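Take a look at the letters that make up each chain.
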Amino acid sequence: MSKPIKVSYIWNRENVESLFEASYKYQFNNSHKRYIGWFFIAVMQFGVVAALKKGAFELLLFSTIMVVYWYYGKKIIAKKRAEKSFETSEFKDKKIEMLIDEDGFTLLSPYQEKWSWDDVQEVIELNNDIMLYKHPNFHYIPEKGFESIEEKSRFKSLVRQYGRLR
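Residues numbered from 1 in each chain as written. Predicted model: local features only at pLDDT ≥ 70, side-chain atom pairs only at ≥ 80, totals over all residues. Heavy atoms only, no water.

## Focus on unusual backbone geometry
Negative phi is the rule for most residues except glycine; trans is the rule for most peptide bonds. The phi angle at D93 is positive, at roughly 55°, despite the residue not being glycine. Among the secondary structure elements, D93 is positioned in the loop between helix 3 (57-87) and strand 2 (95-101). One non-glycine residue, N127, adopts positive backbone phi at about 55°. Along the chain, N127 falls in the loop between strand 5 (122-126) and strand 6 (129-134). Owing to a relative accessible area of 62%, N127 belongs among the exposed residues under this scheme. (Helix = DSSP H or I, 4+ residues; strand = E, 2+ residues; numbered from the N terminus. Buried < 20%, exposed > 50% of the residue type's maximum accessible area, 1.4 Å probe, protein only.)

Below, the structure is given as structure tokens:
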């Protein structure tokens, strides 16, 4: 058994923003909801065309607002919710420490929790950061949470060994 991989970082606004951007993009690209969105956009674009042909200002305005909401509004609203959640979180500005080894990973602070590799459903690499996922919970590890690039490489090798890296 090799020595455990140590992870340590402060759960701050910068990490929340980084996690939000990466996970929002990941969820959008890997969600079945995006097909509903494409259908929604197609219907709204037909609404814009019909409104322009018939001179229906109300339909044009409604369709335009819905398209703008789909492309920009959803993300802004979700980001505001994430920021509000951070502000009320028990983790806000606290040091997060964990140990990762062949048995799984153990959260040491701010409270203790252990997940075996069987508990972890997937490990997602988001840009250079990592998210360990066990429905409905996840743990985020920013790149700077690893002591070195070698530690991060050891972590990825360990995760691959259990077939959890996505």
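## Here we look at the nonpolar core
Residues I100, W117, L132 and F155 are the most contacted members of the largest nonpolar core, which totals 29 residues. If you list the elements that add at least two residues to this core, you get strand 1 (5-10), helix 1 (13-29), strand 2, strand 3 (104-109), strand 5, strand 6, strand 7 (137-141) and helix 4 (149-161). (Core = buried A, V, L, I, M, F, W, Y, C linked by side-chain atoms within 4.5 Å.)

## Looking at the environment of L126
Among the structural elements, L126 can be located in strand 5. Separated by 65 residues in the primary sequence, L126 and L61 place their C-alpha atoms 37 Å from one another. For L126, the contacting residues outside a window of four places in its chain are L19, A22, S23, Y26 and M131. (Contact = heavy atoms within 4.5 Å.)

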